[in-house]
Amino acid sequence: MSVRSVGLYVHIPFCNSKCNYCDFYSFAASDELKTACVDRECAEIIQTAESGGLCFDTVYIGGGTPTVLGAGELERLLHTVGRFTLPDAEVTCEANPSSAIEDTLRILRQGGVNRISFGLQSASDAELKMLGRRHSRDDFEQAVSAARRVGFDNISADVMLGIPGQTLSSLADTLDFVTSVQPEHISAYMLKIEKDTPFGKNPPQLPDEDETSEIYLYTCERLAQAGLLQYEISNFARHGYESRHNLRYWRCEEYLGVGPAAHSFLGGKRFYRERDLGGYLSGGPAVEDGEGGSLQERAMLLLRLTEGAPLELILAAAGENGVGEDAVIKTVRLLNRQGLATDEGGRVSLTPQGFLVSNAVTARLLFG
Ligand code: SF4
């Protein structure tokens with residue numbers, strides 16, 4: 001059987017406590033449950049990779065907080081993942097910044113992880129507290145130093161935009177602080193209020209539309225000044241450090257998702273696991289989620305990237321919706337004049353202003 005290289009996502013559904021905004025499938029659990037979850041995930045990786053002839057050229061271990069698994073379980077998981085991972089693969093693990101993380105980082109590095117992603121969110125301890133995060137600004141600084149010491153040369157940091165009470169000046173401080181530790185990559189996501197979270201039950205005041213634009217455009221500009229170039233709506237990197245794993249999602253390439261709540265796209269089909277660790281441990285099947293990779297889906301995902309989507313793909317996708325070529329070309333010219341998109345080298349790309357209204361721009365291009 002020929003071997004096919006795909007991405008691997010492993011979901012670790014455990015956190016020591018829940019942050020006020022978090023809708024990810026994660027909770028505090030006993031050591032026994034963590035062991036059972038890793039057992040099942042390792043079995044699923046082996047079974048799917050062997051039966052499908054799969055190897056992994058990108059791996060992303062996320063959650064939840066993978067590092068709450070503890071050394072033994074992490075080593076076991078990484079050993080299994082490593083059996084099917086290509087030598088030059090990008091292997092990312094998420095970690096919460098903590099001053100006591102050096103030993104764990106060393107285990108990750110020795111286990112083949114070569115990219116670490118820290119959730120900083122904010123450099124203001126008051127904002128971190130309001131989000132329900134357990135770490136401080138100092139913890140993050142110490143965690144990054146520890147990561148460098150144990151040999152990580154590819155570090156990403158998550159920053160949150162639109163935190164209740166965040167001002168342009170506190171955001172500027174966060175961006176100055178995070179860029180001062182010179183990460184190779186930054187993800188900057190706007191806070192979204194999700195229904196079944198403490199924020200959803202008791203919604204805080206969020207920035208209005210004008211403030212949101214100001215916050216977003218300021219972030220794009222400030223990160224570009226620091227050499228972190230935007231390559232996706234919410235992602236910025238030094239040249240050559242774009243997340244290879246996440247690019248798979250936006251380029252509609254195949255990936256296997258393992259663990260409860262994980263999504264997969266393999267052989268043209270999308271499927272996922274329910275948000276239910278008990279069901280997952282008892283070996284229930286994945287839920288089918290239809291075909292993936294349609295022209296429309298590919299165009300929509302590529303338009304999230306600064307590399308944009310080929311005009312030909314947009315024309316074909318819009319054509320399926322009954323929108324003629326002339327209408328699409330007219331829209332592209334209009335978006336160009338409005339500063340919302342560019343049209344160069346046969347590709348249409350949104351500008352930062354365009355990303356602010358990306359749903360409307362994408363709908364206009366594909367549905368007229
Ligand atoms: S640490 Fe991350 S996954 Fe865990 S509750 Fe907080 S935001 Fe959610």
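This is a predicted model, so every value here is computed, not measured. (Residues numbered from 1 in each chain as written. Predicted model: local features only at pLDDT ≥ 70, side-chain atom pairs only at ≥ 80, totals over all residues.)

(A) Summary view of the environment of A188. Turning to its location among the elements, A188 is positioned in strand β6 (residues 185–190). Along the chain, A188 and G292 lie 104 residues apart, while their C-alpha atoms are 27 Å from each other. The contact partners of A188, leaving out residues within four places of it in the chain, are V159, L161, T219, S234 and F236. (Helix = DSSP H or I, 4+ residues; strand = E, 2+ residues; numbered from the N terminus. Contact = placed C-beta atoms within 7 Å.)

(B) How the structure looks around unusual backbone geometry. For the bond from G63 to G64, the omega torsion is 25°, close enough to zero to count as cis. Phi at Q121 takes a positive value of approximately 70°, unusual for a residue other than glycine. Tracing the sequence through the fold places Q121 in strand β4 (residues 115–121). Judged by the 25 C-beta atoms lying within 10 Å of it, Q121 falls in the buried class. For A261, which is not a glycine, the phi torsion comes out positive at approximately 75°. Secondary-structure assignment places A261 in the loop between β9 (255–258) and β10 (263–266). (Buried ≥ 20, exposed ≤ 12 C-beta atoms within 10 Å, placed from the backbone.)

(C) Region of interest: the packing of helix α2 (residues 71–83) against helix α3 (residues 102–110). Contact geometry of α2 with α3 gives a least axis separation of 9 Å together with a crossing angle of 15°. Classified by the angle between their axes, α2 and α3 sit roughly parallel to one another. You can see that α2 and α3 cross each other, and the crossing is right-handed. Packed against α2, whose contacting residues are A71, L74 and E75, the element α3 presents T104, I107 and L108 at the interface. (Axes fitted to C-alpha atoms, helices over the stretch in contact; angles between N-to-C directions. Parallel < 35°, antiparallel > 145°, perpendicular 65-115°, else oblique. Left-handed = near helix turned anticlockwise from the far one by under 90°.)

(D) Here's a closer look at the pairing of strand β5 (residues 155–161). The buried fraction of β5 is high, at 6 of 7 residues. Both β4 and β5 contribute to a ladder of 5 bridges, which runs parallel. Within β5, the position partnered with F118 by the bridge is A157. Bridging between β5 and β6 involves 6 bridges; their strand directions are parallel. What sits directly across from V159, in β6, is A188. The parallel pair β5 and β6 is bridged by helix α6 (residues 168–180), and the resulting crossover is right-handed. (Pairing = 2+ DSSP bridges. Right-handed = clockwise from strand over helix to strand, strands pointing away.)

(E) Geometry of the sheet that holds strand β15 (residues 347–350). Ordered by their spatial adjacency, 3 strands build an open sheet running β13-β15-β14, and the pairing between neighbours is antiparallel. Single-partner strands in this sheet number two, and they are β13 (309–310) and β14 (341–344). Alignment of β13 against β15, held across 2 bridges, turns out to be antiparallel. Looking at the pairing, A309 lines up with V348 of β15. Of the strands in this sheet, β14 and β15 touch helix α13 (residues 325–337), which is tilted by about 120° from β14.

That's the geometry; what it means functionally is another story.
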